[in-house]
Amino acid sequence: MSNKVRVRFAPSPTGGLHLGGVRTVLYNYLFARHHGGDFVLRIEDTDQSRYVAGAEQYIYDCLEWCGLSPDESPLKGGPYGPYRQSERKELYRKYAEQLVAQGNAYYAFDTPEELEQMRSSLKTDTNPTPQYDSKTRMQMRNSLTIDEAEVKELLDKGTAHVIRIKMPAGETISFTDMIRGEISNSSDLVDDKVLLKADGMPTYHLAVVVDDYLMKITHAFRGEEWLPSAPVHILLWRYLGWQDAMPQWAHLPLILKPDGHGKLSKRDGQRLGFPVFAMRWKDAATEEVLDGFKEQGFLPEAFINILAMLGWNDTTEQEVFSLDELVQKFTIDRVHKGGAKFDYDKAKWYNHQYIMKKTDAELLPLVKPFMEEHGVQIADDYLLRVIALVKERCHLLTDFWLQGHFFFIEPPTMDIEAIKGKWNEQKQAFFAGWVQQLDTVAEWTAHTLEDNFNQHATDAGLKKGELMLPLRIMLVGGKYGPGVFDIAEMIGKEAVGKRVNVVLAQL
RNA sequence: GCCGCGUUGGUCAAGGGGUUAAGACGCCUCCCUUUCACGGAGGAAUCACGGGUUCGAUUCCCGUACGUGGUACCA
C-alpha cells in the first residue's frame, strides 16, 4: 500500500471552464507536483439532463492550453478507469444497496409532485425550505414507513425510487480542513440527501466518495460551496467502512465579482468587459459565443500566475512566478480562507509582465495569429521589428494590433482635430514641401530622416516641436505609438508621402 | 428563516500582543520622452463595530454587523 499523493479535478462537462474551475485545477496540480504525486481528471457526468456536447473535449483543450494536463483521464486512461462517471454507473448501486442493508440509507418512492407538496405544505416563515430529513421522513413514502413486503413488491415491480442517506439524529460531525482547520456540523441540519437517483445514476454525494475511494485519492480540493454538504461525505466514508482511507479535505475560497456581490459568473464578464472562461466557449443551444482569456490575448503563463495569486502567496514580495516556481513553493497552508474579488486591471498587468519577459522571437508566433485576424499578411522579419517597437505598450496580445496596425495599413481613423487647432498656411506649405523632397534623403533610416526633417523645419523658420505632433497624426492617426521617425523608416517613403498628402488634402 | 464559512487601503495582500501596519494593481503629482508607453521619484488611501483578556490589542476570546455559500433526483 503506497501513500503516494493523488488528487483529482472533477468537473461536470456542462459548459465553459470558469476562472474558479481553472484555479481549482491549478491548486490540485501544484499540490500533486509539489509532492511528486498524480493528478487525475475525472468527468462527473451523472446529470444526463445537463449533458452538453463538446464540453468534455473543451475541458481537455483548456487544460492543455494552461499547461496543466492530467496524468490520468478519460482520454489518457490510467489504472483506475473508467474516468467518466457515466461509464461507472453500475458500480455505484452496489454501495448504495450496501448502505440500505446496513440501515444507513433507505428506498424512497416519493414522486417529484409529492416532494413538492411536502415542501409547500410544511413551508412557514421561519422554515421557508422544509427538508426531507429526520423530522419529515416518517411522513413520506419510503422503506422506513412502508412494510417490508410492500417495499419488496414495489421494487420487484420496478417502481421508480431513489436511495437516500438516513442522516443520524443529534450527531456532531466534524473534520479537519487543510485550509480552515476544524469544522463541525450538526447532523440534524443536513437533509437525507439522495444518493442514487431514479435513473440509477449516483448523485455527486455518492459518486465523489466511491470514486475518490476507488481511485485512491489522498487529498480532495474543491470549492467552498461544498462545505455544507461535507458532513454527508464524511458519514459516507464512515458507513462504507473506508474511514481510514478518507482523503484530507481542502475547501478553496471563492472568486467573487469585482463589484457588487456574489461569486463571479459569466454574466459579470460580459457586463464588465472581461473574460471569465479560460477559452472561447460556444453554447450550442443558444449559439452564444463567449471569448476566453486565450482569445482576449492572455498568455497561459500569465493566466496561471494570476489565478495562483488569487488566494495564495508565498509571504515574500514576489508576484511573478513560473509554473515550476509555483510547484516548488506551493503549500496549502498559505491558501487564504476568504474569497477574493477578481481584478481585471491586475490581470492585465501580469500579462504585460510576461510579454516583456519574452523575447521578440518568442512573441512572434504568439502575436501573428492576432494580427492575421485583421486580414493582413505580414513577413516575419517585419513583424519582428514591429514587436520590438510596440511590445512595451501592450498588455494583451490583442494590443499589438491596436498599437501597431499603422505599420501595416493606413490609419483607419484620423484625429484630425488634434492638428487643426494650431494649423496654418506655413505648416501646410512646410509638409507639402518636405514630402516632395523625400527622394533626396541620402538613406532611408530614422536617423537621417530626422536630420532631414529638422533641417527643413529650420529652413522654414518653424520649430520642430510644432511639427512633430502633426506628423505623428498623419502617419499613425492618433497621439500614440513609438518614435515617429522609426515608424517612417518602417513604413517606407511611399507610405509616408501618401499619408501626409492624404491629411494635407483634408486641412 | 436556519446552518456553515469568512472580514487588513477601491482591489490583491504581508504581518500578528508593543511596527512609521510591507509590497503590488489602480488613482494622483513630478522627472524622462516634442506623442503614448516603458522606466524613475513622490503622494492620497487600510486593520468592520462593540465588549472583554492584558501594562498594552490590528493581532487572543465573545458578541454584533456585513459579506459569502448551502438549504435540489445540479454539480
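These figures come from a predicted structure and were not determined experimentally. (Residues numbered from 1 in each chain as written. Chains lettered and ligands numbered in written order. Predicted model: local features only at pLDDT ≥ 70, side-chain atom pairs only at ≥ 80, totals over all residues. Heavy atoms only, no water.)

### Section: the protein's contact with RNA strand B
Going by this rule: Consider each residue's heavy atoms; a residue with any of them within 4 Å of a molecule or strand counts as near. Polar contact criterion, stated in full: a pair of N or O atoms within 3.5 Å, where within protein one must be able to donate a hydrogen and the other to accept it, and residues adjacent in sequence count only if both atoms are side-chain atoms. Helix numbers and strand numbers start at the N terminus; a helix is a DSSP run of H or I with at least 4 residues, a strand a run of E with at least 2. In this classification, the charged set is Asp, Glu, Lys and Arg, the nonpolar set is Ala, Val, Leu, Ile, Met, Phe, Trp, Tyr, Cys and Pro, and all remaining amino acids, among them Gly, are polar.
Not every one of the 63 residues close to RNA strand B is listed here, only the nearest: Q131, R180, H261, E392 and R393. Looking at RNA strand B alone, sugar and phosphate atoms form 67% of those within 4 Å of the protein. Between a sugar or linking oxygen of RNA strand B and a side-chain N or O atom of R180, the distance comes to 2.4 Å. For the surface near RNA strand B, the secondary structure elements donating two or more residues are helix 4 (112-122), strand 4 (162-165), strand 6 (181-186), strand 13 (340-341), helix 11 (344-357) and helix 18 (464-476). When grouped by side-chain class, the residues that make up the surface near RNA strand B number 18 nonpolar, 18 polar and 27 charged.

### As for the nonpolar core
Convention followed: What makes a nonpolar core is a set of buried Ala, Val, Leu, Ile, Met, Phe, Trp, Tyr and Cys residues whose side-chain atoms join them at distances within 4.5 Å. Think of it in three bands: residues with accessible area under 20% of the maximum for their type are buried, residues over 50% are exposed, and the middle band is partly exposed, with areas taken using a 1.4 Å probe on protein chains only. Start and end points for every domain follow an automatic or database-based domain assignment. Note on contacts: a residue pair qualifies if any of its non-hydrogen atoms lie within 4.5 Å across the two residues.
Counting 62 residues, the largest nonpolar core has F303 and F342 as the members making the most contacts within it. Among the secondary structure elements, those contributing two or more residues to this core are strand 1 (6-9), helix 1 (19-34), strand 2 (38-41), helix 2 (55-66), strand 9 (248-252), helix 9 (300-309), helix 10 (323-329) and helix 11. Per-element accounting of this core gives the leading share, 9 residues, to helix 1. Domain assignment of the residues forming this core places at least three in each of domain 1 (6-83 + 254-341) and domain 2 (86-252). Dropping the residues within four chain positions of it, F303 is found in contact with L19, V22, W65, C66, A278 and F293. Formed by 53 residues, the second largest nonpolar core is a distinct cluster that contains L299, F407, V476 and F485.

### Some points on a negative patch on the surface
Defined as follows: Two joining distances apply to patches: 9 Å for like charges and 5 Å for nonpolar side chains (Val, Leu, Ile, Met, Phe, Trp, Tyr), and every residue must have over 30% relative accessible area and no salt bridge. Here the Shrake-Rupley method, with its probe set to 1.4 Å, supplies the accessible areas, and only the displayed protein chains count as covering residues. Just to be clear on terms, a salt bridge is a Lys or Arg side-chain nitrogen sitting within 4 Å of an Asp or Glu carboxyl oxygen. Positive charges are assigned to Lys and Arg, negative charges to Asp and Glu, while His and the chain termini are left out of the count. Charged side chains are reduced to one point each, which is NZ for Lys, CZ for Arg, CG for Asp and CD for Glu.
On the surface, D147, E148, E150 and E153 cluster together into a negatively charged patch. Of note, E150 is situated in helix 5 (residues 148-156).

### Remarks on the sheet that holds strand 3 (residues 105-108)
The criterion, for reference: Two strands pair if DSSP finds at least two bridges between them. Comment: axis = line fitted to C-alpha atoms, over the contacting stretch for helices; angle = value between 0 and 180 degrees taken between N-to-C directions.
What the 3 strands build is an open sheet, ordered 3-4-7; its pairing is antiparallel. The open sheet has two edge strands with one neighbour each: strand 3 and strand 7 (194-196). The mean inter-strand angle of the sheet, taken between neighbouring strand axes irrespective of direction, is 45°. Across 2 bridges, the pairing between strand 4 and strand 7 is antiparallel. Counted as the bridge partner of R164 is V194 from strand 7.

### Thoughts on helix 19 (residues 484-491)
Counting buried residues in helix 19 gives 6 out of 8 residues, a clear majority hidden from the surface. Residues of helix 19 that are buried include every one of V484, F485, I487, A488, M490 and I491, and no others. Residues of helix 19 that are buried in the fold lie against helix 13 (380-390), helix 17 (446-460), helix 18 and helix 20 (493-506).

### Comments concerning the state of the cysteines
Rule in force here: Two cysteine sulfur atoms form a disulfide, by the criterion used here, when they sit within 2.5 Å.
On inspection of all chains with the given rule, the structure shows 0 disulfides. There is no disulfide at C66, and the cysteine sulfur nearest it, in C62, is 6.5 Å away.

### With respect to the domain arrangement of chain A
So the rule is basically this: Buried area: the accessible surface (1.4 Å probe) lost by two parts on joining, summed over both.
Annotation of chain A at the domain level lists domain 1 (6-83 + 254-341), domain 2 (86-252), domain 3 (360-407) and domain 4 (417-506). Every contact between the two is made by 25 residues of domain 1 and, on the other side, 27 residues of domain 2. Contact between domain 1 and domain 2 buries roughly 2,500 Å² in total, counting both sides, with carbon and sulfur atoms accounting for 55%. When the buried area of domain 1 at its contact with domain 2 is split by residue, R6, R8 and T46 rank highest and sum to 25% of it. Taken together, domain 1 and domain 2 are joined by 3 salt bridges. Taking the shortest distance from any N to any O, the salt bridge between D211 and R42 comes out at 3.9 Å. Inspection of the region where domain 1 meets domain 2 yields 11 residue pairs in polar contact (both at pLDDT 80 or more). When residues of the side of domain 1 that touches domain 2 are traced back to their parent elements, those giving at least two are strand 1 and helix 1. Top element by residues in the side of domain 1 that touches domain 2 is helix 1. It accounts for 5 residues. When its residues are assigned to classes, the side of domain 1 that touches domain 2 shows 10 nonpolar, 6 polar and 9 charged.

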